[in-house]
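# Overview (structure and organization)
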Amino acid sequence: MCGIIGYIGARQATPLLVGGLKKLEYRGYDSAGVSVFHEGTSRVVRCRGKLSGLEDKLVREPAPGTVGIGHTRWATHGRPSDENSHPHKVGPISVIHNGIIENHLALRAELAASGAQFSSETDTEIFAHLVSRELATAPDLTTAVRKALVKVRGSYAFVVMSDKEPGTLVAAKNSSPLVVGLGEGENFVASDVTAILSETRKVIFIDEGEIVTVKREGVTITDFDGKPRVRDHKVITWSAVQAEKGGFKHFMLKEIHEQPRAVADTLTGRVDLERDDVTLDGVDLDVAKIKRVVFVACGTSYHASLVGEFLVEALARLPVEVDLASEFRYRDPIIGPGDLVVAVSQSGETLDTMEAVREAKKKGATVLAISNVVESSIPRLCDHAFYTHAGPEIGVASTKAFTTQLVAMALLAIYLGRRTNALSREKARALIGELVQLPQKMRDVVETGAQLQVLARRYGNANGFLFLGRGAQYPIALEGALKLKEISYIHAEGYAAGEMKHGPIALIDETLPVVVLVPRGPHYDKVVSNLAEVRARQGKVLAVATKGDTEIGGHADDVVLVPETAVELQPILTVLPLQMLSYYVADGKGTDVDQPRNLAKSVTVE
Ligand code: F6R
């Protein structure tokens, strides 16, 4: 997830671009850069690191001019470096990009075969080459961009500038946000209204599959076939702070709603619908040598790992252990060659997980990182790294980082299962088919927010909560309890449903809400029995079940329904109502949802 901005008008572009990028820096700060047109050519100034680095560089290398584009990067393809910073310039074309080009490897090979030379590892530079080539025969920049887009698969918002047509910026959108800001004799384009709100409040939100040609005098919108689209502008009344949160009250709520897009990005380029297989980017494991998989992680990432255990055992039939990183490192674990240790850390900086990685490496295991932050410390330390591409998560309580970790677990399990031959091609095809439908199904669930708001009011005054689940839903019960306690400060326990009768059942009375995860699947009847045990003791039951389940209403006080999917993928849907319940309970109590007391986003102490 990157921040992008473009300006065309009569004022100096660079201060406006840098001012906009300051508002976008929360989207990524691996590098920043601008390209500004002046006296026949555009000048690119860019550098690795935070925006302040670019500001210093611009003092030494000023970029005058009244047309320009700017970018702040959150690395996906290619490590954070000066060369991989945007804008990318090829011939007369400068490009900035937010998103992922799914078929970048094939396009790079094709372009290289016809003589293209690359100066970065990014997928974005490929698009600069494509537009530059099309421009040789196209009548204008908009046509060249349209022709180049035909070749590109993936999620993107691009902004393109040409030295041959300096009075025009061309932007295109597919799955990544894009907004145009309208001024007097000047116009803006950006990934976020935040970036332009101090300059104009008149905006047009660009829709999927639209190309917008931005000139000083006005903007023209067409679809990818060149057919005009007529769109009205909106006047933004949000404050700058609200705008940064996309109009949501908190970053956590925004990030809950971003999950369908985040999961789509995790899947982009990783599923092969023709070969019924998955790729883990550059990760190439010697699967025949793997005798055991050991997950090490903390907190929410530990819960994702417990789901990983279920998935890898079920699909790859490899033995799996899951350990809290802080325990693993201190108990002289029995580990060695033949073990694949998977270190799961959204931040990639958690000290306990990092030390667990060191311990595993010392003992000769192969170590794979699953992280959300490219080139963070843990992936750098590991033999292999797989990134979830959820975009920066600002709310301290993990939401989109968690669901994208679950998707990464499913991809890893399918990858291993196909290579151990435990997973048939038919079953892999069915699972991949379900995976690609998840973003839409997740959208359906996050739209049930109003119901969760009502339930949060109904149950939010309780002194404690119990969360129950079996199989892959057990870690989701743990995660539901963690989410609630960390942001609402209400005590909550997550339990394996079958364990309830061995102790926690003593807690149950009419004051204890019990959230039971009971989607359709092999454990359904057993969990319904556990649920009956709760109700027989006057416990209040809130069930999370599968759409179309007409039976469950008779066993629960309240029911939240999620769409049907494969049993292995159900956790990705059932966790969503729990995140929303926690959010609305905490918000009702007025706690600091995004920065709960005593917590930090990355825990770099033991
Ligand atoms: C809870 C949460 C934490 C983290 C934990 C590990 O919402 O976010 O429990 O999961 O601190 O962090 P990472 O995944 O960055 O290693």
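Note that this is a predicted model, so its numbers are computed, not measured.

## Here's the deal with the sheet that holds strand S11 (residues 202–205)
Taken in spatial order, the eight strands of this open sheet run S3-S2-S4-S1-S10-S9-S11-S14, and their pairing is antiparallel. Of all the strands in the sheet, just strand S3 (41–48) and strand S14 (234–235) have a single pairing partner and so form its edges. Bridging between strand S9 (residues 179–182) and strand S10 (residues 187–190) involves four bridges; their strand directions are antiparallel. Among the inter-strand pairings, glycine 181 is bridged to a residue of S10, identified as phenylalanine 188. Those strands touched by helix H1 (residues 13–24) are strand S1 (3–8), strand S2 (31–38) and strand S4 (67–73), and its axis lies near 155° from that of S1.

## What about empty space enclosed by the protein?
Enumeration according to the criterion identifies three cavities of 30 Å³ or more in this entry. If you add up the space inside the largest cavity, you get close to 120 Å³. Arg470, Gln473, Pro519, His523 and Gln570 are, among the 15 residues lining the largest cavity, the residues nearest its centre. The residue inventory of the lining of the largest cavity, partitioned by class, reads eight nonpolar, five polar and two charged. What the second largest cavity holds in volume is close to 60 Å³. Taken together, Cys2, Arg73, Trp74, Thr76, His77, His86, His97, Gly99, Thr122, Asp123 and Thr124 make up the full set of residues lining the second largest cavity.

## Some words on the site of the ligand
As a structural note, the neighbourhood of the ligand is formed by 14 residues, with Ser301, Ser345, Ser347, Thr350 and Glu486 the closest of them. Between serine 345 and the ligand, the recorded distance is 2.6 Å, taken from a side-chain N or O atom to an oxygen atom. Relative to its unbound accessible area of 410 Å², the ligand is 91% covered by the protein chains. Secondary-structure elements contributing two or more residues to the shell around the ligand are helix H8 (299–316) and helix H15 (473–488). Per-element accounting of the shell around the ligand gives the leading share, three residues, to H8. Residue classes in the shell around the ligand are distributed as four nonpolar, eight polar and two charged.

## Comments concerning the layout of surface pockets
There is about 1200 Å³ of room inside the largest pocket. As for the largest pocket, its lining consists of 46 residues, of which Lys173, Ser175, Pro177, Glu258 and Arg261 are closest to the centre. Top contributing element to the lining of the largest pocket by residue count: helix H7 (residues 251–267), with eight residues. Per-class residue counts for the lining of the largest pocket are 20 nonpolar, 14 polar and 12 charged. When its volume is computed, the second largest pocket comes out at roughly 850 Å³. Surrounding the second largest pocket, 31 residues form its lining, His77, His104, Leu105, Asp281 and Gly282 being those nearest its centre. Elements supplying a minimum of two residues to the lining of the second largest pocket: strand S6 (93–101), helix H3 (104–113), strand S15 (271–272) and strand S21 (384–387). The element that contributes the greatest number of residues to the lining of the second largest pocket is S21, accounting for four residues. Looking at the lining of the second largest pocket residue by residue, the class counts come to 10 nonpolar, 11 polar and 10 charged.

## Some details on the nonpolar core
Ranked by size, the top nonpolar core spans 89 residues in total, and within it Val293, Phe295, Leu416 and Phe465 carry the most contacts. Ranked by residue count, the leading element in this core is helix H12 (residues 400–420), at 12 residues. Ignoring sequence-local partners within four residues, the contact set of phenylalanine 465 consists of Tyr459, Leu484, Ile490, His491, Ala492, Glu493, Leu512, Pro513, Val515 and Leu581. With 27 residues, the next largest nonpolar core counts Tyr7, Leu21, Val34 and Ile236 among its residues.

## What to know about the packing of H1 against helix H2 (residues 51–60)
Their axes nearest at 11 Å, the elements H1 and H2 cross at an angle of 165°. In terms of orientation, H1 and H2 fall into the roughly antiparallel class. Crossing of H1 against H2: the hand is left-handed. The residues of H2 that touch H1, namely those facing Thr14, Val18, Leu21 and Lys22, are Leu51, Glu55 and Leu58.

## Quick word on the packing of H3 against helix H4 (residues 124–135)
At a closest axis distance of 10 Å, the pairing of H3 and H4 adopts a crossing angle of 50°. On the basis of the axis angle, H3 is oblique to H4. The way H3 lies across H4 gives a crossing that is left-handed. Two secondary-structure elements touch here, H3 through His104, Leu107, Arg108 and Leu111 and H4 through Ile126, His129, Leu130 and Arg133. Residue classes in the contact of H3 with H4 are distributed as four nonpolar, two polar and two charged.

## Concerning the pattern of salt bridges
Here the structure, examined in full by the defined rule, presents 39 salt bridges. One salt bridge connects lysine 363 with aspartate 332, and the closest N-O pair in it is separated by 2.5 Å. Of the two residues, lysine 363 is situated in the loop between helix H10 (351–362) and strand S20 (366–371) and aspartate 332 in the loop between helix H9 (325–328) and strand S19 (339–345); the sequence distance between them amounts to 31 residues. Residues glutamate 355 and arginine 358 are paired through a salt bridge, measuring 2.9 Å at the closest nitrogen-oxygen approach. Of the two residues, glutamate 355 and arginine 358 both sit in helix H10, three residues apart, roughly one turn of that helix. For arginine 358, a relative accessible area of 40% gives the class partly exposed. Bridged by salt links that share partners, the residues Asp207, Glu210, Arg229 and Arg231 form one connected network.

## Remarks on the environment of histidine 389
Position of histidine 389 relative to the elements: it lies in the loop between S21 and H12. Exposure remark for histidine 389: the relative accessible area of 5% places this residue in the buried category. Look past the residues within four positions of histidine 389 in its chain and what remains in contact with it is Trp74, Thr76, His77, Ile100, Arg261, Ala262, Asp265, Arg270, Asp281 and Asn372. Engagement of the side chain of histidine 389 in a polar contact is seen with the side chain of arginine 270, the distance being 3.3 Å.

## Description of the sheet that holds strand S17 (residues 292–297)
With parallel pairing, five strands are arranged side by side in an open sheet as S18-S17-S19-S20-S21. A strand with exactly one partner marks an edge of an open sheet, and here the two such strands are strand S18 (320–324) and S21. Averaged over neighbouring strand pairs, the angle between their axes works out to 20° when direction is ignored. Packing of H8 onto the sheet brings it into contact with S17, S18 and S19, and relative to S18 it is tilted by some 175°.

Rules behind the numbers
Residues numbered from 1 in each chain as written. Predicted model: local features only at pLDDT ≥ 70, side-chain atom pairs only at ≥ 80, totals over all residues. Heavy atoms only, no water. Pairing = 2+ DSSP bridges. Helix = DSSP H or I, 4+ residues; strand = E, 2+ residues; numbered from the N terminus. Contact = heavy atoms within 4.5 Å. Axes fitted to C-alpha atoms, helices over the stretch in contact; angles between N-to-C directions. 1 Å grid on protein atoms, 1.4 Å probe; cavity = no way out; pocket = protein on both sides within 12 Å on 5 of 7 lines; lining within 4 Å. Points joined across faces, edges and corners; volume = space filled by probe spheres on them. Nonpolar A, V, L, I, M, F, W, Y, C, P; charged D, E, K, R; others polar. Near = heavy atom within 4 Å. Polar contact = N/O pair within 3.5 Å; in protein donor to acceptor, adjacent residues only side chain to side chain. Areas by Shrake-Rupley, 256 points an atom, 1.4 Å probe, with all protein chains shown as cover. Core = buried A, V, L, I, M, F, W, Y, C linked by side-chain atoms within 4.5 Å. Buried < 20%, exposed > 50% of the residue type's maximum accessible area, 1.4 Å probe, protein only. Parallel < 35°, antiparallel > 145°, perpendicular 65-115°, else oblique. Left-handed = near helix turned anticlockwise from the far one by under 90°. Salt bridge = Lys/Arg side-chain N within 4 Å of Asp/Glu carboxyl O.

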